[in-house]
Amino acid sequence: MTNPGPFPRLTLRNYAGYAAGDMTNSFVFALQAMFLLIFYTDVLGLEPGPVAAIVFGVRLFSSLSDLIAGRLVDLTRTRWGRFHPWLLGATPPMLLTGVALFTVPAFGGDQSLQYLYVLIVYLVHAFCYSLVVIPYSSLAGAMTTDVRERARLGVWRNIA
């Protein structure tokens, strides 16, 4: 079957590269999901109730930030395409806020400032994460118009 579109056939390198990129996104998410609550409660000594409320609130915000990120990507028209500006521009702040999530200052023992810090950094991180993951998820549709190749990209992505 010929490739019905302006793009050449995808190679093993394309599939592996796409999978590797998604694997790093999944790693960032898994690190937060597995260790963030434990870090805040057991290492920093913050109370579980307020920390859980912050995480819940940020997860709710994240559902909205995904919609906002999707709309921003749809509206983007640059010489670099729709996805690259977001992937390149939002990745450094996502990485920096990811580190900041695990480097909470002591603030002289004032836990209310620690909660505020966690909330703000986690909100910014969630938005940056949306600005990276949403365009990355949409990238498969821009890589090829062949439905079978898109399905293969999805398989490689899920395996990674």
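Let us look at the structure shown here. Given the structure is predicted, the values throughout are model-derived calculations rather than measurements.

Cut-offs used in this document
- Residues numbered from 1 in each chain as written.
- Predicted model: local features only at pLDDT ≥ 70, side-chain atom pairs only at ≥ 80, totals over all residues.
- Heavy atoms only, no water.
- Phe/Tyr/Trp six-rings, centres within 6.5 Å; stacked < 30°, edge-to-face > 60°.
- Buried < 20%, exposed > 50% of the residue type's maximum accessible area, 1.4 Å probe, protein only.
- Helix = DSSP H or I, 4+ residues; strand = E, 2+ residues; numbered from the N terminus.
- 1 Å grid on protein atoms, 1.4 Å probe; cavity = no way out; pocket = protein on both sides within 12 Å on 5 of 7 lines; lining within 4 Å.
- Points joined across faces, edges and corners; volume = space filled by probe spheres on them.
- Axes fitted to C-alpha atoms, helices over the stretch in contact; angles between N-to-C directions.
- Parallel < 35°, antiparallel > 145°, perpendicular 65-115°, else oblique.
- Left-handed = near helix turned anticlockwise from the far one by under 90°.
- Contact = heavy atoms within 4.5 Å.
- Nonpolar A, V, L, I, M, F, W, Y, C, P; charged D, E, K, R; others polar.
- Core = buried A, V, L, I, M, F, W, Y, C linked by side-chain atoms within 4.5 Å.

## Some words on the packing of aromatic side chains
Phase 1 of the analysis: Following the criterion strictly, the structure yields 7 aromatic pairs and no others.
Phase 2 of the analysis: Plain terms: the ring middles of Phe39 and Tyr40 are 5.7 Å apart, the flat faces sit at 55 degrees to each other, and that makes the pair tilted.
Phase 3 of the analysis: Owing to a relative accessible area of 16%, Phe39 belongs among the buried residues under this scheme.
Phase 4 of the analysis: Its relative accessible area of 1% is what places Tyr40 among the buried residues.
Phase 5 of the analysis: With 6.5 Å between their ring centres and 50 degrees between their planes, Phe61 and Phe127 make a pair best called tilted. In this pair, Phe61 is assigned in helix H2 (residues 48–75) and Phe127 in helix H4 (residues 111–143), connecting sequence segments 66 residues apart.
Phase 6 of the analysis: Judged by relative accessible area, which is 24%, Phe127 ranks as partly exposed.
Phase 7 of the analysis: Ring-pair connections join several aromatic residues into one group, and the members of that group are Phe39, Tyr40 and Phe102.

## Examining the layout of surface pockets
Phase 1 of the analysis: Within this model, the largest pocket holds a volume of roughly 300 Å³.
Phase 2 of the analysis: In this structure, the largest pocket is lined by 19 residues; those nearest its centre are Thr24, Asn25, Val28, Met94 and Leu95.
Phase 3 of the analysis: Breaking the lining of the largest pocket down by element, the ones donating at least two residues are helix H1 (12–43), helix H3 (84–101) and H4.
Phase 4 of the analysis: Ranked by residue count, the leading element in the lining of the largest pocket is H3, at 8 residues.

## So, the packing of H1 against H4
Phase 1 of the analysis: It is the contact of H1 with H4, at a shortest axis distance of 11 Å, that shows an interaxial angle of 160 degrees. When the axes of H1 and H4 are compared, the pair comes out roughly antiparallel. Pair H1 / H4 crosses with left-handed handedness. Judged by residue contacts, Asn14, Gly17, Tyr18, Gly21, Asp22, Asn25, Val28, Phe29, Gln32, Leu36 and Tyr40 of H1 engage Val118, Tyr122, His125, Tyr129, Val132, Val133, Tyr136, Ser137, Leu139, Ala140 and Met143 from H4.
Phase 2 of the analysis: Here the residues of the contact of H1 with H4 are counted per class, giving 14 nonpolar, 7 polar and 1 charged.

## Some thoughts on the nonpolar core
Phase 1 of the analysis: In this structure, Tyr18, Leu87, Met94, Leu139, Met143 and Leu153 are the most contacted members of the largest nonpolar core, which totals 20 residues.
Phase 2 of the analysis: Those elements that place two or more of their residues in this core are H1, H2, H3 and H4.
Phase 3 of the analysis: Among the elements that make up this core, the one with the highest residue count is H4 (9 residues).
Phase 4 of the analysis: Filtering out sequence-adjacent residues up to four positions away, Met94 remains in contact with Asn25, Val28, His125, Cys128, Tyr129 and Val132.
Phase 5 of the analysis: In terms of nonpolar packing, the next biggest core, distinct from the first, is built from 17 residues, Val104, Tyr117, Val118 and Tyr122 among them.

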